[in-house]
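Listed below, chain by chain, are the residues.
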2 protein chains.
Amino acid sequence: MEKELTIQEVAQVTGLSEYTLRYYERIGLLDPVDRANSGHRRYRAADLDWLQFLVYLRAMGMSIRQMQECAELKRGGDATRRERLAFLEEHRVRVQEQMRKMVEYLAYIDKKIDHLQESLAGDDLPEPAEKPHLVNSFFS
Amino acid sequence: MEKELTIQEVAQVTGLSEYTLRYYERIGLLDPVDRANSGHRRYRAADLDWLQFLVYLRAMGMSIRQMQECAELKRGGDATRRERLAFLEEHRVRVQEQMRKMVEYLAYIDKKIDHLQESLAGDDLPEPAEKPHLVNSFFS
DNA sequence: CCTTGACTTAGAGTGTGCTCCAAGTTGTAT
DNA sequence: ATACAACTTGGAGCACACTCTAAGTCAAGG
């Protein structure tokens, strides 16, 4: 018999709140979850896998709307494999481009950190003859 | 004489909308911008530099609230250099950690892409004796 | 003088992604 | 039996970051 988890347990495992789990189901990101006789949700391993996938997509910056498309493709079964492949590949490209930019921005931040460190180190030395006037002190 | 730019020009240069430029000023991300006699904004080079900095921070996922703190530190002048350094270094750490995770997620996505490609390639071959039942077709 | 267009302000509205509430039901422990 | 906790639902509320509107001002061109 497959172990089925309560919403509370799934919240702990996935890091999503119970609110969010119900919300995701409501908006069709998950297919309707099994219910106990009481009506309480009982999540299966497959639900957990899918949720983990969603969590990763979300963490990579994918919008809820796109994840809904993704869920729709999943519902389409094997017939949508090509589309799903294209979907993931496009996502991959977007994420990589984003990371490329991040590296660029990080270099920019590093430059500022360096300038600030130099500025602070300079304070221990005798006063320089003339301090250059700095338009923007974050940029010095 | 320093060239001063209109809000329209700054919007083009920074990629921010005129709405957003006014908004950023309203909430204190920019110090009040110079005005022409007409009351129209006239942005200086220093304003542009600062805006570019903000755009980068934003693109790196920093919240408006944190950028406001940052603007506050800038207003504090030299006295806040140490804090600003700490601020940037913390930001740097956060961004790096985020990128580390992204690499991890990307590897996960790549695995799914591979599986889908294999699945599609397999369609050209004669039917396998038994197809394994796949709980989650995105994960096959 | 009159129109046009680029601007100004304060404040309202929007989209996203949750997050919470109220009212009710069920399961377990005492 | 009764208390209590864990759930259920539909729908309301919220934080964030814009985005837009309305009403008005100003400068230049015809």
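For the structure itself, consult the block above.
Residues numbered from 1 in each chain as written. Chains lettered and ligands numbered in written order. Predicted model: local features only at pLDDT ≥ 70, side-chain atom pairs only at ≥ 80, totals over all residues. Heavy atoms only, no water.

**Re the relation of the copies chain B and chain A**
Least-squares fitting of chain B to chain A yields an RMSD of 0.1 Å, with the superposition described by an axial translation of 0.0 Å and a rotation of 180°. Considering both components of the superposition, the chain copies are consistent with a two-fold axis. Considering only C-alpha atoms, the residue of chain B closest to the rotation axis is Met99 of chain B, which sits at 3.5 Å. The share of interface residues of chain B whose copies in chain A are also at the interface is 100%, consistent with both copies meeting through the same surface. (Least-squares fit on C-alpha atoms with pLDDT ≥ 70 in both. Contact = heavy atoms within 4.5 Å.)

**Examining the interface of chain B and chain A**
In this complex, chain B contributes 42 residues to the contact, which on the side of chain A involves 42 residues. Between chain B and chain A, a total of about 4,600 Å² is buried, with carbon and sulfur atoms accounting for 75% of that surface. Put simply, chain B and chain A have two salt bridges between them. Across the pair Arg92 of chain A and Asp110 of chain B runs a salt bridge whose closest N-O atoms are separated by 2.2 Å. For the pair chain B and chain A, the number of links is six residue pairs in polar contact (both at pLDDT 80 or more). Going through the elements one at a time, α3 (45–59), α4 (64–75) and α5 (81–122) of chain B are the ones with two or more residues in the side of chain B that touches chain A. Per element, the largest residue contribution to the side of chain B that touches chain A is 25 residues, and it comes from α5 of chain B. Considered class by class, the residues forming the side of chain B that touches chain A number 24 nonpolar, eight polar and ten charged. (Buried area = accessible area lost by both parts, 1.4 Å probe. Salt bridge = Lys/Arg side-chain N within 4 Å of Asp/Glu carboxyl O. Polar contact = N/O pair within 3.5 Å; in protein donor to acceptor, adjacent residues only side chain to side chain. Helix = DSSP H or I, 4+ residues; strand = E, 2+ residues; numbered from the N terminus. Nonpolar A, V, L, I, M, F, W, Y, C, P; charged D, E, K, R; others polar.)

**A few points about the protein's contact with DNA strand D**
The environment of DNA strand D is made up of 20 residues, and the closest members are Arg22 and Arg41 of chain A together with Tyr24, Arg58 and Arg65 of chain B. Between DNA strand D and the protein, one listed contact pairs a phosphate oxygen with a side-chain N or O atom of Arg22 of chain A at 2.9 Å. At 3.2 Å, a backbone N or O of Ile64 of chain B approaches a phosphate oxygen of DNA strand D. Only α1 (7–14) and α2 (18–26) of chain A together with α2 (18–26) and α4 of chain B provide two or more residues apiece to the surface near DNA strand D. Here the element with the most residues in the surface near DNA strand D is α2 of chain B; it accounts for five residues. When the residues that make up the surface near DNA strand D are grouped by side-chain class, the tally is five nonpolar, seven polar and eight charged. (Near = heavy atom within 4 Å.)

**A short note on the pattern of salt bridges**
As enumerated under the stated definition, the model contains 22 salt bridges over all chains in all. Between Arg44 of chain B and Glu4 of chain B there is a salt bridge; the shortest N-O distance is 3.7 Å. Here Arg44 of chain B is found in the loop between β2 (41–42) and α3, whereas its partner Glu4 of chain B is found in the segment before α1 (7–14), with 40 residues between them in sequence. Overlapping salt bridges bring together Asp31, Glu72, Lys74 and Arg75 of chain A as one network.

**A closer look at the packing of aromatic side chains**
Counted under the stated rule, the structure contains ten aromatic pairs over all chains. Pairing Trp50 of chain A with Phe53 of chain A gives two aromatic rings, centres 5.4 Å apart and planes at 50°, and the pair type is tilted. Taken together, the residues span about one helical turn, with Trp50 of chain A and Phe53 of chain A both in helix α3 (residues 45–59) at a distance of three residues. The pair Trp50 of chain A / Phe53 of chain A is uniform in exposure class, with both members buried. Measuring from centroid to centroid gives 4.4 Å for Tyr56 of chain A and Tyr108 of chain B, while their planes differ by 70°, and the two rings are edge-to-face. Placement of Tyr56 of chain A in helix α3 and of Tyr108 of chain B in helix α5 is noted, with the two residues assigned to different chains. A single burial state applies to Tyr56 of chain A and to Tyr108 of chain B, both of which are buried. In this structure an aromatic cluster arises from ring pairing among Trp50, Phe53 and Tyr56 of chain A together with Tyr105 and Tyr108 of chain B. Here Lys74 of chain A stacks its cationic end above the ring of Trp50 of chain A, 4.2 Å away from the centre of that ring. (Phe/Tyr/Trp six-rings, centres within 6.5 Å; stacked < 30°, edge-to-face > 60°. Buried < 20%, exposed > 50% of the residue type's maximum accessible area, 1.4 Å probe, protein only. Lys NZ or Arg CZ within 6 Å of the ring centre and 35° of its normal.)

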